[in-house]
Amino acid sequence: MEIKIIGKSIPNIPWQNKPEGYPFPVWRYSENPITQWNPVGRASRIFNSAVIPKDGKFVGVFRADNRAILPQIHFGTSEDGIHWDINPDYIHWKDENGDEFVSAYGYDPRLVEIEGTYYITWCTDFGGGPTIAVAKTNDFKEYTRLDNAFLVPNRNGVLFPRRIGGKFYMLSRPSDYGHTPFGDIYISESPDMIYWGRHRKVMSNKAYGWWQDMKIGAGPIPIETNLGWLTFYHGVCNTCNGYVYSMGVAILDKNEPWKVLYRASDYVLTPEMPYEVSGMVPNVCFPCAALADADTGRIAIYYGAADTYTALAFTTVDEVCRFAIENSKLAPKDDETVK
């Protein structure tokens, strides 16, 4: 069976061929990282950020931690998806009445276009705890914040790129107020991007492979394929020397995305390079965005490295989906969803 991306053509998708002899399904951009320390304005670090194609170019929303180590969301543009012009001032949100609606912090955004409107989700402060904020824009000049999607605490809110059965869907990871030493991925549905319900567990952290046995969380916007929803996510283990964040892959049912069809027991990327193992928070690969070209099957993954840098990795839909299928070992909860 030929595996294909269902979506848009991105003829100028950032790309670098797989190194000869490289045995794994996801490979790094040789010029990583694509952002450095002190990149713009008061921002000391930019990482865990999201990008999409727009009008033949690229736009993005970026987590920028300032010199007070307070994160906010900034907007940026790029001709090639690699070299970025990022606004030194953070986005100033307004509510639906036009009044300013800015929280104490904002981090780890995701970005998606649905029916001609651009939606941003990110982790924000809500009454002293983290939850998922939602905003929309048509021009990346004016941003309207909707009501927060969930009660506290919650993190890693990731929308699907289209309605399924007439409903919007979002992945998230209910958590606690601290570092969250546990966590599974859930899915929720909404008729209007305001009211969210019918919550279901999608994947458990109690899976095959210790690299994800502490907690997991959704990563980039899921990629639609003829096989199902290709989903990259992060998994965390707790070692004798601290936490390690790696990248995994799963495929969800196209019509019932709470059902896991395949889930690789092995990670597809783990901290190995200096910019991943050394930084503000060592040993982190945290995927937040993926560009997918329907014409070639190429995929470019943007991930945060060591909570300090933004980095790029590449794969193809055929290679990474076949890896998920051939290495699939469903966790107990995953088995339940496909019975």
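Above this text sits the structure in question.
Residues numbered from 1 in each chain as written. Predicted model: local features only at pLDDT ≥ 70, side-chain atom pairs only at ≥ 80, totals over all residues. Heavy atoms only, no water.

Ranked by size, the top nonpolar core spans 37 residues in total, and within it W84, W93, L111, L291, Y302 and L312 carry the most contacts. One finds L159, A218, I221 and L330 within the second-largest nonpolar core, a separate group that totals 34 residues. (Core = buried A, V, L, I, M, F, W, Y, C linked by side-chain atoms within 4.5 Å. Buried < 20%, exposed > 50% of the residue type's maximum accessible area, 1.4 Å probe, protein only.)

Before going further, it helps to spend a moment on unusual backbone geometry. Cis geometry is found at the peptide bond from N32 to P33, where omega equals -5 degrees. Looking at the secondary structure, you find P33 in the loop between strand 1 (27–28) and strand 2 (43–54). Cis rather than trans, the peptide bond between V152 and P153 has omega equal to -10 degrees. Structurally, P153 is set in the loop between strand 9 (144–145) and strand 10 (154–159). If you check the backbone angles, N156 has positive phi at about 60 degrees while not being a glycine. Within the secondary structure, N156 sits in strand 10. Judged by its relative accessible area of 5%, N156 falls in the buried class. (Helix = DSSP H or I, 4+ residues; strand = E, 2+ residues; numbered from the N terminus.)

Within the element layout of this structure, T270 appears in the loop between strand 18 (260–263) and helix 1 (274–277). With near-sequence residues (within four places) excluded, T270 lies in contact with R28, V244, S246, E276 and C285. (Contact = heavy atoms within 4.5 Å.)

What follows concerns the sheet that holds strand 2. The four strands lie next to each other as 2-3-4-5, forming an open sheet whose pairing is antiparallel. The open sheet has two edge strands, strand 2 and strand 5 (84–86), and neither has a second partner. For this sheet, the mean inter-axis angle between neighbouring strands, taken without regard to orientation, is 30 degrees. (Pairing = 2+ DSSP bridges. Axes fitted to C-alpha atoms, helices over the stretch in contact; angles between N-to-C directions.)

Glancing now at the sheet that holds strand 13 (residues 197–203). With antiparallel pairing, four strands are arranged side by side in an open sheet as 10-11-12-13. Strands with a single pairing partner mark the edges of an open sheet, and in this sheet they are strand 10 and strand 13. The average angle at which neighbouring strand axes cross in this sheet is 30 degrees, direction not considered. Bridge count for strand 12 (residues 185–190) against strand 13 is four bridges, and the pairing is antiparallel. Note on strand 13: the bridge partner recorded for E189 is G197.

Right, let's get into the pattern of salt bridges. If you walk through the whole model with that rule in mind, you get 17 salt bridges. Where D65 meets R45, a salt bridge forms, and the shortest distance between an N and an O atom there is 3.1 Å. On the criterion of sequence distance, the pair formed by D65 in strand 3 (residues 57–66) and R45 in strand 2 is long-range, its members being 20 residues apart. In the salt-bridge network here, residues are joined through shared partners; they are R45, R63, D65 and D108. (Salt bridge = Lys/Arg side-chain N within 4 Å of Asp/Glu carboxyl O.)

Positionally, P14 belongs in the segment before strand 1. Given the relative accessible area of 3%, P14 is considered buried. The spacing of P14 and Y29 is 15 residues in sequence and 9.4 Å in space, taken between C-alpha atoms. Not counting residues within four places of it along the chain, the set of residues in contact with P14 comprises F58, D80, G81, I82, L291, A300, Y302, L312 and F314.

These figures capture arrangement, not role.
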